[in-house]
Structure formats: structure tokens, C-alpha cells
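# Architecture and fold: a report
Spelled out from the first residue to the last, the chains are:
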Amino acid sequence: MSHTTAAERRRLQSLSRDDLAAHQLARLNALLAQILPANEFYAAKLATFPREFTALEQLAELPLTHKDELSPKVGASLAPANLTWPAERYLRYHQTSGTRGRPLPVLDTAEDWQWWVNCWQYVLDAAGVTDKDRALLAFSFGPFIGFWSAHEALVERGAMVIPGGGLNTLGRLDLLARTEATVLLCTPTYALHLAEVAAAHKIDLSAHCAVQKIIVAGEAGGSIPATRARIESAWHARVTDHSGASEVGAWGFGDADARGLHVLESEFIAEFLSVDTGEPAKEGKLAQLVLTSLGRSGMPVIRYRTGDLVQPVWPTQGQNRFVLLEGGVLGRSDDMLVVRGVNIFPSSIEQIMHSFPEVAEYRFTVRKRGAMDEMVVDVEDHLAQPARIAEELQLRLGLKVEVRLATSMSLPRYEGKGQRFIDLRNAERE
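Right, let's talk about the sheet that holds strand 21 (residues 421-423) for a bit. Taken together, the 4 strands give an open sheet; going across it, the order is 20-19-18-21, and neighbouring strands pair in mixed fashion. The outermost strands of the open sheet, each flanked by one partner alone, are strand 20 (402-405) and strand 21. Direction aside, neighbouring strands of the sheet carry axes that sit 20° apart on average. Bridge count between strand 18 (residues 359-369) and strand 19 (residues 372-381): 10 bridges; the pairing is antiparallel. Opposite V366, over in strand 19, you have M375 as the bridge partner.

Next up on the list: the packing of aromatic side chains. Summed over the entire model, instances satisfying the criterion amount to 12 aromatic pairs. With a centroid separation of 5.8 Å and an interplanar angle of 35°, the aromatic rings of Y122 and F253 are classed as tilted. Residue Y122 is located in helix 4 (residues 110-127), and its partner F253 is located in strand 8 (residues 249-254); the two are separated by 131 residues in the primary sequence. Just as Y122 is buried, F253 falls in that class too. Between F253 and F322 the ring centres are 6.5 Å apart and the planes differ by 75°, which places this aromatic pair in the edge-to-face class. Pair noted here: F253 is in strand 8 and F322 is in the loop between strand 13 (312-313) and strand 14 (324-326), with a separation of 69 residues, a long-range link. F322 shares its class with F253; the two are buried. By the ring-pair criterion, three or more aromatic residues cluster together here, those being W113, W115, W116 and F268. Against the face of W85 rests R89, its NZ or CZ located 4.2 Å from the ring centre.

Every buried residue belonging to helix 9 (residues 225-235) is among A226, T227, R228, R230, I231 and W235, and all of these are buried. Note on helix 9: the residue one or two positions beyond its end, H236, has a positive phi of about 55°.

Below, the discussion takes up the pattern of salt bridges. Under the defined criterion, the tally for this structure stands at 23 salt bridges. With a shortest N-O distance of 2.8 Å, R17 and E265 are connected by a salt bridge. Taken together, the positions of R17 in helix 2 (residues 17-35) and E265 in the loop between strand 9 (260-263) and strand 10 (268-274) put the pair 248 residues apart, joining distant regions of the chain. You can call E265 buried: its relative accessible area is 3%. The closest approach of N and O atoms between E267 and R27, which form a salt bridge, is 2.9 Å. In this pair, E267 is assigned in the loop between strand 9 and strand 10 and R27 in helix 2, connecting sequence segments 240 residues apart. We classify E267 as buried; its relative accessible area is 10%.

Right, let's get into the pairing of strand 3 (residues 134-137). Here strand 3 runs beside strand 4 (residues 160-163); their pairing, made up of 4 bridges, is parallel. Note on strand 4: the bridge partner recorded for A135 is V161. For the crossover from strand 3 across helix 5 (residues 148-157) to strand 4, the handedness is right-handed. Sheet analysis places strand 3 next to strand 5 (residues 183-186), joined by 3 bridges and oriented parallel. In the sheet register, L136 faces strand 5, and the bridge partner there is L184.

An α-helical turn contains 3.6 residues, so any two residues separated by three or four positions project in the same direction. For helix 11 (residues 386-397), built from 12 residues, the straight-helix expectation of 16 Å at 1.5 Å per residue is met to within 8% by its first-to-last C-alpha distance of 16 Å. Those residues of helix 11 that sit buried are I389, A390, L393 and L397. Seen along its axis, helix 11 keeps its buried residues to an arc of 100°; they face one direction. Exposed side chains of helix 11 directed beyond 90 degrees from the buried face belong to A387, E391 and L395. Buried residues in helix 11 make contact with strand 17 (342-344), helix 10 (346-353), strand 18, strand 19 and strand 20. Taken from the residues just after helix 11, G398 is the one with a positive phi, measuring 75°.

Position of P312 among the secondary structure elements: in strand 13. A relative accessible area of 0% places P312 in the buried class. Setting aside chain neighbours within four positions, we find P312 in contact with F272, E283, G284, K285, A287, V323, L324 and L325.

What the rule picks out here adds up to 0 disulfides. Note on C186: no disulfide assigned, nearest cysteine sulfur contributed by C209 at a separation of 11 Å.

Looking now at the nonpolar core. Core analysis: the largest hydrophobic core is formed by 74 residues, its most contacted members being W120, L154, L185, I215, W251, F268 and F272. Looking at which element gives the most residues to this core, the answer is helix 4, with 10 residues. Those residues in contact with W120 that sit more than four places away from it in its chain are F147, S149, A150, A153, L185, I215, H242 and A250. With 25 residues, the next largest nonpolar core counts I162, L173, L184 and W235 among its residues.

Two elements in contact, helix 7 (residues 188-200) and helix 9, have axes whose closest approach is 10 Å; the angle formed by their N-to-C orientations is 35°. The handedness of the crossing between helix 7 and helix 9 comes out as left-handed. Listed contacts from helix 9 to P188, A191, L192, L194 and A195 of helix 7 are T227, R230, I231, A234 and W235.

Taken in spatial order, the 9 strands of this open sheet run 4-3-5-6-7-8-9-14-13, and their pairing is mixed. Every interior strand has two partners, whereas the edge strands, strand 4 and strand 13, have only one. Sheet contacts for helix 6 (residues 169-179): strand 3, strand 4 and strand 5; angle to strand 3, the most-contacted strand, approximately 170°.

Criteria and cut-off values
- Every chain's residues receive numbers from 1 upward, in the order its sequence appears when written.
- With pLDDT at 70 or above as the cut-off, local features in this predicted model cover only qualifying residues; side-chain atom pairs require 80 or more to be listed or tallied, and sums for whole chains, interfaces and linings still use all residues.
- Side-chain figures throughout are based on the complete set of non-hydrogen atoms in the structure, without hydrogens or water.
- Paired strands, as defined in this entry, are two strands with at least two bridges between them according to DSSP.
- Put simply, DSSP marks the helices as runs of H or I at least four residues long and the strands as runs of E at least two long, and each gets a number from the N terminus on.
- Between N-to-C directions, angles cover 0 to 180 degrees, with each direction set by a line fitted to C-alpha atoms, over the stretch in contact for helices.
- The pairing test for Phe, Tyr and Trp rings, Trp by its six-membered ring, is centres within 6.5 Å, and the orientation test on the planes gives stacked under 30 degrees, edge-to-face over 60, and tilted for anything in between.
- Think of it in three bands: with a 1.4 Å probe and only protein chains considered, a residue is buried below 20% of the maximum accessible area for its type, exposed above 50%, and partly exposed in between.
- The rule for a charge over a ring is simple: NZ of Lys or CZ of Arg within 6 Å of the ring centre, and within 35 degrees of the ring normal.
- By salt bridge we mean one thing: a side-chain nitrogen of Lys or Arg within 4 Å of a carboxyl oxygen of Asp or Glu.
- We call a crossover right-handed when, viewed with the strands running away from us, the connection from the first strand over the helix to the second turns clockwise.
- For a helix, the expected span equals 1.5 Å multiplied by the residue count minus one.
- The arc refers to the directions leading from the helix axis to the C-beta atoms.
- Contact between two residues is taken to exist if any of their heavy atoms lie within 4.5 Å; hydrogens are not considered.
- Any pair of cysteine sulfurs within 2.5 Å is marked as a disulfide.
- Definition of nonpolar core: a set of buried residues of the types Ala, Val, Leu, Ile, Met, Phe, Trp, Tyr and Cys, connected through side-chain atoms within 4.5 Å.
- For any helix crossing, the convention is left-handed if the near helix is rotated counterclockwise from the far helix by under a right angle, and right-handed if that rotation is clockwise.

Here you go:
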């Protein structure tokens, strides 16, 4: 796969819906022609369907793909089920984070890896990264795909790349200062933690470092207004959100007006299924995100159920016509908590908690007390006034929540995805 140009990326984003659909249909048919019948997984799954479509709407007739289907076959420790080519053709091995079960192996050919890099160029465009920038990746590089593709996209763009693996938080703050890095890449949680550690050590970030742009991924925080505002205030820098998945690709990039995430529709077909009926969701309604990647032939996913919950809106004006997910990823279908009949998303709790500037960290726990659900939030609050937080939670959620003070720095901090939500109800039934 060839490199993309900025002009071509702008052209694709400005396509009308009809022209974009034609582009996607051509890419889908090219992908099917390339992977079938060599890809045994999809050859079997799509055996009764045509190998070439005349309209994009026909895609909805195909079966969904679920993550548990992609696990390696029994006795095969390396290869996920949906590989197209012999293992010798693959140059990159990664795996999913394993936060939701056993990690899934992820393999890429040289062509597919270039596609990853091309997708990331849209994220760098959105953040305004140029070849004059110096970018520090505050991430411990391992088999989790993390920011590996971002690293190479930055190299291709001509920016200086500064890996921050193997360092503690103070070490990374020092590296930021010494290298005069202008771009920081990390999770939203870790951006806040870096700022928290800087404040604890009397480090003035505006004087200590040159960071102007922050790209966040791995969590919903970059599109949650209160979280984004807190990060931007602490760093005096602009936050750009990004979303992707190891088994799918780098599919989302931040909206220029910070309204949420755009799906990279030139490289992915997005479908939105109602959480209530499973039918196509209407604009602005809560939906499950289903993605088909169009440029990854070595490990393709067709109609992949991501588990992400979103609210899609189709822009009709402006330079970017790619579908907008208002508020970004609002949560995951398996993360949504139903408490006393009320649907609660982690992103809703985060928006409330981060609206209190004195709250450093929190942990939200749901458990049973008799027949009733009980919600408790442990919070590090510099004002030590939990009543105001409890009042706001009850007002916004419509539920009573017990708020308990936690000792400063006693709650866990995370470099990767934060794990602030604990549901003990099922464990307590066992």
C-alpha cells in the first residue's frame, strides 16, 4: 500500500455521502476479491453470499463478526482464526490488551502495517502535528499495539519521536523538559497523572515543558468535556482524541471543534445498530458500532461488533463529512451498568467527577446490600467535602450514591486504560 498525501486525505473527507459510498463499495469488493477464498474463516462465514456487491446496502446482509470467533484455533498459539496468508508473510506481532479476557494475537503484513500508518496520518492531521514537532510517547512499549503505529506514523511525517518506555512518571516529566517535546501521546488518565505528579513536585508545566498538543487514546476521556478541559488546563495544550482497536485498526480521530470522534470512513465502513432492536439506528440515537476495515487483507474484519456505544450524526456541511460520533465513545455494551433500572455509563460518571477540579482520583463500586444495589464512590478530594459530590451524583444520575473520602494517593493510578469501575454483584451471588 502506498503512502497517502494530505491533499488526498482532505479530498476523501469532503466527499458527498453518495461518492463516499461508491468509494467504500469499490474498496469492499477489492478486499473480498483479495482475501477469498484464501481466508478460510471468511470463506466459510460468507460461503452463501456473493463475492462482489452491487450496492453498499448489501453488506448488512452478512453475518456479524464477534471477537470470540477470532481466537486461535485449538492447538494454534500464534494465529488468530481470521488470518488470510501463511504465518511467514507476517512481519508484525501484537496482541490486544487483555483487559476483557485472554489477549488476542494480532498479526500484520508489511502492506497492512503501512495501512495502519496511513490511518494514523488522519489523527496527526487533526492534532496539527508537523515535521517541526517533537513527540514523546508516554507508553511502555510491549506486545500491546498501543502507540506502535503512531510511532511510525510520526516518523513518516518527519517529526522527532521520543519513546518514553521504561521510565517512571518523574522520569518522563524530565524527558519532556530535556527534549523540549511539543507533542505528548498517552491515555487521558495518564495525562492527568503526569500533571498530578508535576504539581506534587512543584513542577510548573507551562514553564517546565514545551508541550502544545496532546493526543490521547485508549479511553473515552479525550471526548468527555470535563476530562478534556482538565487536561488542557493543566498542560496549557490542545487535546485531540483518537480511537482504535488492535483487531480493527485506527478507526477514529478527533473532531476539529471537539464535539467527538469522526470515523475514518475512507478506510472503514461504519454501521450503527440500535441497542434496543438490533436494527439500523436513527441519527443521534444510542447505537452499537459495527466496523468493516477496508485496507487490512492479512487479518480482515467484516461487520465486526466492536462493543462500543456511540451516537452518530452525519455532517452535511464543512470540510469533514465523515460521520461524527457525538461525545466520542460513550461506553461499551459490556461496561454499561444497570443500577436500580437506570443505565449508567462510565463516561457519564467521569464527566461528573472531573467537573470537580479538587477531585484527584476516584473509584466507583456497585454491590448488593440485601436485595438492593448499592453504589459507592471512593474519592481523593482535596476539599474533603464528599457531600457536594454525592449531591451532584444524585442530581445527575437520579440515584443515591455514597461518597467516601480516600487518603491522598491511595487509589490506583494507571499508565494504560484506567480501571475505575468495579461491579461486585455477580461475584457476590456466587
